[in-house]
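# Fold and contact review
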Amino acid sequence: MSLFDIFRLKKQTIALALGAGGARGLAHIGVIKALEEVGFKPDLIVGSSMGAFIGSFYAFGYSSDEMKDIYKKALVKFAGNIVKLNIKFDSIIDSSIIRDVLMDYFKDTKIEEAKIKLGIVASDISSKKEVLFTNGNLINAVQASAAIPFVFPAVRLKGMKLVDGGVIEPVPVRAARFMGAEKIIGVNVMKRRYPEIKKTHMPWSLPRDKFSLSELISDNIFSNLLSTLQ
């Protein structure tokens, strides 16, 4: 009997919390594949940034093999459009790239229509608090969750200015708890852990020796791009 079976016998709610990580998000698919191989499916899925992207496909019934193909196609599409820079005060890349990829699969899909209960985490830079989406337009929520500051423009939604969920909660464990999880499988694919962000801090105010924009971009977008496509 596996540990998962024991949790099931105790009727405990198990969540899969997928964290931020950009191109390293392919590792999320590896974790999901390993869970599939032992016959395990979570009761709920919560994702931040790339974890929200991958988690959404999983929650709507896509297999790990299907997600791997989708992920590779998304990276090729992204790499093909990276030269089309849209340099503005708050961003350098048009967020339509993310939306276009999601539109191919989800269109007007609602979060609450997922086969597995789904939560998507974004960061509101106005209130400096995390925002958890459990219903409403899926594409809007994922686009907001993956809006890396200064790379993609913030998403304005319901009076909020939303950016990457990983800014405040790199691995959305608190959100999973809030959604009722009793046991959580957290997946952290970041190269290293960034300093804890207090409510009074946003990325641009962190000490320069601990954080830099170039490091964030390389860690979240360009790292392992070529190796991932092999």
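Preceding block: the structure.
Throughout what follows, the structure given in this document is the object of discussion. These numbers were taken from a predicted model, which means no experiment stands behind them. (Residues numbered from 1 in each chain as written. Predicted model: local features only at pLDDT ≥ 70, side-chain atom pairs only at ≥ 80, totals over all residues. Heavy atoms only, no water.)

### So, the overall build of the protein
The number of helices and strands found in the protein is nine helices and seven strands. Of all 230 residues assigned to the protein, the portion counted as buried reaches 50%. For the protein, long-range pairs separated by at least 24 residues make up 74% of all intrachain contacts whose partners lie at least 6 apart in sequence. Of the accessible surface of the protein, which amounts to about 11,500 Å², a share of 54% is contributed by carbon and sulfur atoms. (Helix = DSSP H or I, 4+ residues; strand = E, 2+ residues; numbered from the N terminus. Buried < 20%, exposed > 50% of the residue type's maximum accessible area, 1.4 Å probe, protein only. Contact = heavy atoms within 4.5 Å. Areas by Shrake-Rupley, 256 points an atom, 1.4 Å probe, with all protein chains shown as cover.)

### Regarding helix H2 (residues 26-37)
Here H2 spans 17 Å end to end across 12 residues, near enough to the 16 Å set by a 1.5 Å rise per residue. When H2 is considered as a whole, its buried residues turn out to be His28, Ile29, Ile32 and Leu35. Seen along its axis, H2 keeps its buried residues to an arc of 120°; they face one direction. One or two steps after H2, the chain reaches Gly39, where phi turns positive at roughly 75°. (Expected span 1.5 Å × (residues − 1). Arc of directions from axis to C-beta.)

### Some words on the nonpolar core
Nonpolar side chains in soluble globular proteins tend to be buried together. Counting 52 residues, the largest nonpolar core has Phe53, Ile54, Leu118, Ile120 and Phe133 as its most contacted members. With seven residues, the single largest contributor to this core is helix H3 (residues 50-59). Leave out the neighbours within four places in its chain, and Leu118 touches Ile45, Gly55, Ser56, Ala59, Phe60, Ile111, Phe133, Thr134, Leu138 and Met179. Core analysis: the second largest hydrophobic core is formed by eight residues, Ala15, Val46, Ala175 and Ala181 among them. (Core = buried A, V, L, I, M, F, W, Y, C linked by side-chain atoms within 4.5 Å.)

### Some details on the packing of aromatic side chains
Counted under the stated rule, the structure contains seven aromatic pairs. On the basis of an interplanar angle of 75° and a centroid distance of 5.3 Å, the ring pair of Phe57 and Tyr62 is categorised as edge-to-face. Classification of Tyr62 by relative accessible area gives partly exposed; the value is 21%. (Phe/Tyr/Trp six-rings, centres within 6.5 Å; stacked < 30°, edge-to-face > 60°.)

### Concerning the pattern of salt bridges
With the rule as written, the count across this model stands at three salt bridges. Two residues, Asp65 and Lys33, come together in a salt bridge whose shortest N-O distance is 3.6 Å. Linking Asp65 in helix H4 (residues 64-81) with Lys33 in helix H2, this pair joins segments that are 32 residues apart in sequence. Here Asp65 falls in the partly exposed class, since its relative accessible area comes to 48%. Judged by its relative accessible area of 35%, Lys33 is partly exposed. (Salt bridge = Lys/Arg side-chain N within 4 Å of Asp/Glu carboxyl O.)

### Observations regarding the pairing of strand E6 (residues 160-163)
By the bridge criterion, two bridges tie strand E3 (residues 117-124) to E6 in an arrangement that is antiparallel. Within E6, the residue paired with Ser123 across the bridge is Val163. By the bridge criterion, three bridges tie strand E5 (residues 155-157) to E6 in an arrangement that is antiparallel. The partner of Arg156 across the bridge, within E6, is Lys161. From the end of E5 to the start of E6, which pair antiparallel, there are two residues, and Lys158 there has a positive phi angle of about 50°. (Pairing = 2+ DSSP bridges.)

### Comments concerning H3
Within H3, 10 of the 10 residues are buried, which leaves it mostly tucked inside the rest of the structure. Among the residues of H3, Met50, Gly51, Ala52, Phe53, Ile54, Gly55, Ser56, Phe57, Tyr58 and Ala59 are the ones counted as buried. Of the residues one or two after H3, Gly61 is the one with positive phi, at around 100°.

### As for the packing of H2 against H3
At their nearest, the axes of H2 and H3 sit 10 Å apart, and the two run at 35° to each other. For the element pair H2 and H3, the recorded crossing hand is right-handed. Of H3, the residues touching H2 (which contributes His28, Ile29, Ile32 and Glu36) are Gly51, Ile54 and Tyr58. Taken together, the residues of the contact of H2 with H3 sort by class into four nonpolar, two polar and one charged. (Axes fitted to C-alpha atoms, helices over the stretch in contact; angles between N-to-C directions. Left-handed = near helix turned anticlockwise from the far one by under 90°. Nonpolar A, V, L, I, M, F, W, Y, C, P; charged D, E, K, R; others polar.)

### A few points about the packing of helix H5 (residues 96-103) against helix H6 (residues 138-145)
How two helices pack is summed up by the angle between their axes together with the distance between the axes. Where H5 meets H6, the axes come as close as 10 Å, and the angle between the chain directions of the two elements is 140°. By the angle between their directions, the pair H5 and H6 is classed as oblique. Of the two possible hands of crossing, H5 and H6 adopt the one that is right-handed. Where H5 approaches H6, its residues Ile98, Arg99, Leu102 and Met103 are matched on the opposing element by Ile139, Asn140, Val142 and Gln143. Looking at the contact of H5 with H6, its residues break down into five nonpolar, two polar and one charged. (Parallel < 35°, antiparallel > 145°, perpendicular 65-115°, else oblique.)

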